[in-house]
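Below, each chain spelled out in residue letters.
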Amino acid sequence: MKDIPFKPANILLPKQDFEKWAVIACDQYTSEPAYWDRVFENIGGAPSAGRLILPEAYLSDNNDTAIENANLAMENYLQSDVFTEYENALIYHERTQRDGRIKRGLVGMIDLEEYDFHKGAKALIRSTEETILDRIPPRVKIRKHASLEIPHIILLIDDPNKTVIEPFAAHTGTMQSVYDFTLMEGGGHAKGYLVNENDRVQQTLSALLANSESGFLFAVGDGNHSLATAKACYEANPNPYNRYALVEIVNIHSEALDFEPIYRVLFNADYKELKAAMENEFTFDSQGQPITLWHGKAQESLTVAPTSFLPVGTLQTFLDHYLAEHPGITIDYVHGLDTVKQLCEEQNCIGFTFDGMEKADLFPAVAADGALPRKTFSMGHAWDKRYYIEARKIR
């Protein structure tokens, strides 16, 4: 049996107040600081994963103090009896989403030796989207002195027969519960159970790999740059702790898992000027790829001849060139049409929406073409994204 790069880990969980402990991934609600203001008001003085991260909504030119405070909080929590440590553990995770559907996963650690984010990689763990190299050093700055990792990384498996994760759902009555609580800000509900069937997990993952047409086992669904950062830190300072990274694996065939497109919004942009640039760049073709532009309370739909397999690739190539020529314009990657429309009511703000990809196409596309354009898809709505719950020592 081939060695599978997904293993049990020594997992840390808070002893109490999970409702205040768990916060959503730091790359969510990046243009909505009011969301994060409410989160920290709710946390108050309680121990929380929110104190161990740096929400991107709060990023500035100098984040040194915030990073130092996060690292100090990690040390304080480790010394203050905040955690219970579950040694050599896998956790079966059930997330009841806002719509009532349950997304199931397994939390453990992956071997970074088997992960490669470069386009054309042949590793067992592959990136699904382009990794932006200049986004790694700032994240390394956060992680390199951290004593804990508390990830939101989700890896996908292609398991149409539901052999690896889903069988645990029938046995939760005999498994040890380690958390069961409501997530803040309308995030649904989370349950976690200790798994004592690692041999079965390894066997079913091995069978998946043996029967795989794509040639790899895990595709990064969420947390691509966080995982790339973990790899960079391991390569810079290899040791038995940081060779591994804590993740959740989820079946791409889960009925609770939707692929949503990630839209683009430009700030400080002139609509007429941008539209003229698009007319100069694209050939308009009624059989091409539809892209809708939003500005103020208006919208305009264009159908352009494709330059990439996906509409997001066609658009992103244009936007990359346009942004390089207009340094005063900034871009954000936004989940949800309502958020795009709300943001675009502001002056000089332009949004772009388009059709997303089908999730069944992910593994074949990555196998055939390598990493997809960055920020191609999101797994569900923003409020259904992974919350930080589990932690692991990395020093």
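Residues numbered from 1 in each chain as written. Predicted model: local features only at pLDDT ≥ 70, side-chain atom pairs only at ≥ 80, totals over all residues. Heavy atoms only, no water.

Novice: So what exactly am I meant to see when it comes to the environment of Ala123 here?
Specialist: Mapping Ala123 onto the fold places it in the loop between strand 6 (115-116) and strand 7 (125-126). For Ala123, a relative accessible area of 15% corresponds to the buried category. With 96 residues separating them along the chain, Ala123 and Asp27 place their C-alpha atoms 26 Å apart. The residues touching Ala123, leaving out its near neighbours within four places in the chain, are Glu114, Tyr115, Asp116 and Phe216. (Helix = DSSP H or I, 4+ residues; strand = E, 2+ residues; numbered from the N terminus. Buried < 20%, exposed > 50% of the residue type's maximum accessible area, 1.4 Å probe, protein only. Contact = heavy atoms within 4.5 Å.)

Novice: Looking at this structure, how should I read unusual backbone geometry?
Specialist: Trans is the prevailing form of peptide bonds, just as negative phi is the prevailing case for residues other than glycine. A positive phi angle is found at Asp17, which is not glycine, with a value near 55°. Residue placement: Asp17 occurs in the loop between strand 2 (9-14) and helix 1 (18-21). In this structure, Asn348 is a non-glycine residue whose phi angle is positive, near 60°. Mapped onto the elements of the fold, Asn348 is located in the loop between helix 9 (337-343) and strand 18 (349-354).

Novice: Sorry if this is basic, but what is going on with the environment of Glu281 here?
Specialist: Its location among the elements puts Glu281 in helix 7 (residues 271-281). Residues Glu281 and Phe318, 37 residues apart in the sequence, show an inter-C-alpha distance of 7.6 Å.

Novice: Looking at this structure, how should I read helix 2 (residues 33-43)?
Specialist: Given 3.6 residues per helical turn, the α-helix brings residues three or four places apart onto the same face. Burial in helix 2 covers these residues: Tyr35, Trp36, Val39 and Ile43. When helix 2 is viewed along its axis, its buried side chains cluster within an angular range of 90° and face the same direction. Packing partners of the buried residues in helix 2 comprise helix 1, strand 3 (23-24) and strand 20 (387-388). Directly after helix 2, the chain includes Gly44, whose backbone phi takes a positive value near 60°. (Arc of directions from axis to C-beta.)

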